[in-house]
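Below, each chain spelled out in residue letters.
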Amino acid sequence: MSVPTAAAALLLFLAPGFALTGLLPDVRGRALPVRLALGWLLGLAWVAGMLYALSHLLQVALSGTAIGILAALPVVAWLATRPSRRTVRRRRFRPLVLVPLAIGGIASAALFLDAAANPVTDWDGRMTWGAHARHIRAARSVDADTLRNGRYLVFHPRYPALLPVAQAAALEVTGSEDERLTRLLYAAFLPCFLTLVFAFSAPRGGLLVACALTSAAALLPQLTYDSWGAAGLESDLPLGCFLGASFLLLVQRRGVSTPAFLLAAAVLTKSEGLPLAIAALAVCLLPARNRRRLLAPALAIVLAAFFLWTWRAGITDRMTDAYAAPSLAALGRAAGALRPSLAAFLDTQRWGLFWPVAALILLMGRRGLSRPLLLFVALALVFYAGAWALHTTAIEKIVERTLSRFLLQLALPALALLSDALRTVDGTPRPAGGAGGGLGAPRNTI
Amino acid sequence: MKRRARVLLVLLAVLSAAPFSVPTLLARLLEGARHAGEPLLDARRRVHGAAYADGIERIRAALPENAEYLLVEAADSPSFIWVQYDLAPRRPLLVGEAFLTPARLRQIPRPKGLEWIVVARGAREAPQLLRAAEVR
């Protein structure tokens, strides 16, 4: 795989996404690294999401021309309008930032080189996400007969296909058959995630805390080189980015257009996306003053869910997870999740000693924790426990297979909670606007 | 005192995973740099084994992209998961169960018009392509 091919695949999403950050009013004036990170998410949501919708609803072929036009649209619109440049306040350079920059840079470089050198080796990537992408690309349609027809052996054919569509688009545009190209798309979520960790932590906990948490995150095995993180073709980290970024932006009350895009993408990324997006929105809807403001994100979730439902309706379900009907026995099963959950938190191969340290930080800084964030994490955990309780696989096995991935889905709000806790350990007051109770956080901070 | 506690916690957070991840990260960095620019087939041979990678190439060359085949698992491990990905978009047929052993193949009615059978034989072994008519 040549460098220009790899660059073309990444720019296919980054260029329109960056243009969108120049068009959407709620992210327009932000710092360049934040615009690049959000641009990656927005670009993927735009290009792959529109291809997904146009292919299913209007039978538009996933051709190089269609992909090119979709990617070019935001860029042309941005260049044509070039909205009045808002001055980004230049901040004094703080040498401390070099620490997460170096650690995150090394982790990202290692991941990109690994992805560029080695083919796909992760179980779920080969079984599900990568195979779906190949069938979609060959049919040039998200309604590939191989996915829809029960005659063919396809695992989890109804899994949301945003990321497989992105894989297919990258391969189609570059005319490549190189599977390592698809790994690069997932690897790009690591620097994106780390940038967002910094951006959301800094206003909550200050520079030291943001640098520490970004560095800590860059050193988490699960995130940086485990196949369940950014090294495989799993959709959990992308979901964590879409969901976490949209939720934290909504909590910060910094506009709704970007969160609306990202919430729709979360719904189309993974089956857990819909319930988690609803939970995120529900938490933000609690203060009555937010209700009218959140119409756009709510509409985005509804439209994405409706689209997903119509797409899935044409697919014969097979080779997928089995769930039992809710019952009292399921509650007992959920209680059985405690021990394997503890084991997953203490799995040093995946997390080092991060979670015990995180528990200590949360305990010491518990007075500063944001209630909306706590509520969202609690709702998500209840949802996961419910899914485990009803899943027909032995509880120890299903927890072991899923919890570490679920933690990635919640990683951005979890790290924001740690920022709150670290801020209050030495008695520093909570951020103005009431991160503890309201939905406010300092404005104009990222 | 509280400020010291905060700094200590911050340090603990940064270092909590470092001993576990730094050696692997550096190893991946060096290994990735060493193999950068390697042709895909060479990379596949290195990672999956030459027998498996070359076996997949032979089947890819023999079967057109829209071909249908029946996938049989001859190993104890589910290596057919690997094979179905590497042969995609060629289409494996589903006949009741995914893990189709050679013994089970003899018991089930074959799908109409079946022309090809692919036998997965383990993670690093070459999968085998057979004409359905020749398999009893």
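Keep in mind it's a predicted model, so treat the numbers as computed, not measured. Within every chain, residues take consecutive numbers counted from 1 along the sequence as written. For this description, chains carry letters from A and ligands carry numbers from 1, given in the order in which they are written. Confidence filtering applies because this is a predicted model: local features only for residues at pLDDT of at least 70, side-chain atom pairs given and counted only at 80 or more, and all residues used for totals across whole chains, interfaces and linings. Excluded from the side-chain calculation are hydrogens and water; included are all heavy atoms of the structure.

> Can you tell me about the domain arrangement of chain B, naming the residues and giving the values?
By a widespread convention, an interface's size corresponds to the accessible area lost as its parts come together. Each domain's limits were defined by an automated method or a database of domain assignments. Parsing chain B into structural domains produces domain 1 (1-36) and domain 2 (40-135). Relative placement of domain 1 of chain B and domain 2 of chain B: their C-alpha centres are 42 Å apart.

> Give a description of helix H17 (residues 338-345) of chain A that names residues and reports values.
All names here are of chain A. Under the scheme applied here, a residue whose accessible area is under 20% of the maximum for its type counts as buried, over 50% as exposed, and between as partly exposed, the area being computed with a 1.4 Å probe on protein chains only. Numbering of helices and strands starts at the N terminus; helices are DSSP runs of H or I of at least 4 residues and strands are runs of E of at least 2. All of the buried residues along H17 are Pro340, Ser341 and Ala344. In a view along the axis of H17, the buried residues occupy a sector of 105°, so they form one face of it. Seen from the buried face of H17, the exposed residues on the opposite side, beyond 90 degrees, are Leu338, Arg339 and Leu342. Note on contacts: a residue pair qualifies if any of its non-hydrogen atoms lie within 4.5 Å across the two residues. The inward-facing, buried residues of H17 abut helix H18 (348-351), helix H20 (371-390) and helix H21 (395-409). What the arc measures is the spread of directions leading from the helix axis to the C-beta atoms.

> Can you lay out the pairing of strand S1 (residues 68-73) of chain B for me, pointing to particular residues and giving the numbers?
Residues and elements named next belong to chain B. Burial of S1 is extensive: five of the six residues sit out of reach of the surface. Paired strands are those between which DSSP finds at least two bridges. Judged from the three bridges that link them, S1 and strand S2 (residues 91-93) form a sheet pairing that is parallel. Of the residues in S2, the one forming a bridge with Glu68 is Arg91. Handedness is read with the strands pointing away from the viewer; a crossover is right-handed when the path from the first strand over the helix to the second is clockwise. Taken together, S1, helix H5 (residues 80-87) and S2 constitute a β-α-β crossover, and its handedness is right-handed. Pairing analysis gives four bridges linking S1 to strand S3 (residues 116-120), with the strands arranged parallel. Residue pairing in the sheet places Leu71 in a bridge with Val118 of S3.

> Can you break down the side chain of Ser419 of chain A residue by residue, with the values?
All names here are of chain A. Residue placement: Ser419 occurs in helix H22 (residues 411-425). The exposure class assigned to Ser419 is buried, which follows from its relative accessible area of 0%. Once residues within four sequence positions are removed from consideration, Ser419 is found in contact with Ser201, Arg204, Gly205, Val209 and Leu213.

> With reference to specific residues and values, describe the interface of chain A and chain B.
Chain A puts 61 residues into the contact, and the matching count from chain B is 51 residues. Two parts placed together each lose some accessible area; with a 1.4 Å probe, that loss summed over both constitutes the buried area. At the boundary of chain A with chain B, total buried surface from both sides reaches about 5100 Å², with 68% on carbon and sulfur atoms. The largest contributions to the chain A side of the interface with chain B come from Arg126, Leu153 and Tyr225 of chain A, which together make up 15% of the buried area. Criterion for a salt bridge: a side-chain nitrogen of Lys or Arg within 4 Å of a carboxyl oxygen of Asp or Glu. There are five salt bridges connecting chain A and chain B. Across the pair Arg28 of chain B and Asp114 of chain A runs a salt bridge whose closest N-O atoms are separated by 3.6 Å. Polar contacts here mean pairs of N or O atoms no more than 3.5 Å apart (in protein, one a potential hydrogen donor and the other a potential acceptor; neighbouring residues in sequence count only if both atoms are side-chain atoms). Connecting chain A to chain B are 19 residue pairs in polar contact (both at pLDDT 80 or more). Mapped by element, the contributors of at least two residues to the side of chain A that touches chain B are helix H4 (98-117), helix H5 (123-139), helix H6 (145-148), helix H10 (207-218), helix H11 (221-224), H18, helix H19 (354-364) and H22 of chain A. When residues in the side of chain A that touches chain B are grouped by element, the largest group, nine residues, is from H5 of chain A. Throughout, the ten residues Ala, Val, Leu, Ile, Met, Phe, Trp, Tyr, Cys and Pro are labelled nonpolar, Asp, Glu, Lys and Arg are labelled charged, and all others, Gly among them, are labelled polar. Its residues placed into classes, the side of chain A that touches chain B shows 36 nonpolar, twelve polar and 13 charged.

> So what's going on with the side chain of Arg90 of chain B? Residues and values would help.
Counting through the fold element by element, Arg90 of chain B comes out in the loop between H5 and S2. Just so you know, the count uses Lys and Arg for positive and Asp and Glu for negative, and it drops His and the chain ends. Although Arg90 of chain B is buried, it forms no salt bridge, and the closest oppositely charged side chain is Glu65 of chain B at an N-O distance of 4.8 Å. For Arg90 of chain B, the residues in contact, after removing those within four places along its chain, are His135 of chain A together with Arg60, Leu63, Pro64, Glu65, Ala67 and Tyr69 of chain B.

> Outline a nonpolar patch on the surface, listing residues and values.
Candidates for patches are residues over 30% relative accessible area with no salt bridge; among them, like charges are joined within 9 Å and nonpolar side chains (Val, Leu, Ile, Met, Phe, Trp, Tyr) within 5 Å. Here the Shrake-Rupley method, with its probe set to 1.4 Å, supplies the accessible areas, and only the displayed protein chains count as covering residues. On the surface, Leu96, Val99 and Leu208 of chain A together with Val7, Leu11 and Leu15 of chain B cluster together into a nonpolar patch covering about 470 Å² of accessible area. Tallying contributions element by element places helix H1 (residues 2-15) of chain B first for the nonpolar patch, with three residues. Along the chain, Leu11 of chain B falls in helix H1. Take Leu11 of chain B: its relative accessible area is 46%, and that puts it in the partly exposed class.

> Outline the nonpolar core, listing residues and values.
Core analysis: the largest hydrophobic core is formed by 164 residues, its most contacted members being Phe13, Leu41, Tyr52 and Phe193 of chain A. The element that contributes the greatest number of residues to this core is helix H2 (residues 32-58) of chain A, accounting for 14 residues. Non-local contacts of Phe13 of chain A, meaning those with residues more than four positions away in its chain, are made with Gly39, Trp40, Gly43, Leu44, Val47, Ala166, Ala169, Ala170 and Leu185 of chain A. Within this scheme, the nonpolar core is defined by two criteria: the residues are buried Ala, Val, Leu, Ile, Met, Phe, Trp, Tyr or Cys, and they are joined through side-chain atoms within 4.5 Å. If you look at the next biggest cluster of nonpolar residues, it comprises 20 residues, including Phe155 of chain A together with Tyr52, Ala67 and Phe80 of chain B.

> Please give an account of the confidence of the model for chain A that cites residues and values.
Confidence scores per residue from the predictor, reported as pLDDT, run from 0 to 100. Within chain A, residue pLDDT values average 91, and 93% of them lie at 70 or more. Below a pLDDT of 50 lies the segment residues 432-446 of chain A, which in the model reaches 48 contacts outside its immediate sequence neighbourhood of four places, other chains included.

> Could you give an account of the packing of helix H1 (residues 3-23) of chain A against helix H7 (residues 162-174) of chain A, naming the residues involved and the relevant values?
Residues and elements named next belong to chain A. Between N-to-C directions, angles span 0 to 180 degrees; the directions come from axes that are lines fitted to C-alpha atoms, helices contributing only their stretch in contact. With their axes 9 Å apart at the nearest point, H1 and H7 run at an angle of 130° to one another. As the angle between them shows, H1 and H7 are arranged oblique. The chirality of how H1 crosses H7 is right-handed. Where H1 abuts H7, its residues Thr5, Ala8, Ala9, Leu12 and Phe13 lie against Ala166, Ala169, Ala170, Val173 and Thr174. Residues that form the contact of H1 with H7 fall into these classes: eight nonpolar, two polar and no charged. Throughout, the term roughly parallel applies to angles under 35 degrees, roughly antiparallel to angles over 145, roughly perpendicular to angles from 65 to 115, and oblique to all others. In a left-handed crossing the near helix is turned counterclockwise from the far helix by less than a right angle, and in a right-handed crossing that turn is clockwise.

> Could you give an account of the sheet that holds S1 of chain B, naming the residues involved and the relevant values?
What holds strands together in a sheet is hydrogen bonding between their backbones, with the strands either parallel or antiparallel. Residues and elements named next belong to chain B. If you trace the four strands from one edge of the open sheet to the other, you get S2-S1-S3-S4, paired in mixed fashion. The open sheet has two free edges, formed respectively by S2 and strand S4 (128-131), since each of these has just one partner strand. Taken over all neighbouring pairs, the strand axes of this sheet differ in orientation by 40° on average, direction set aside. Against the sheet, H5 touches S1, S2 and S3, its axis set at about 160° to S1.

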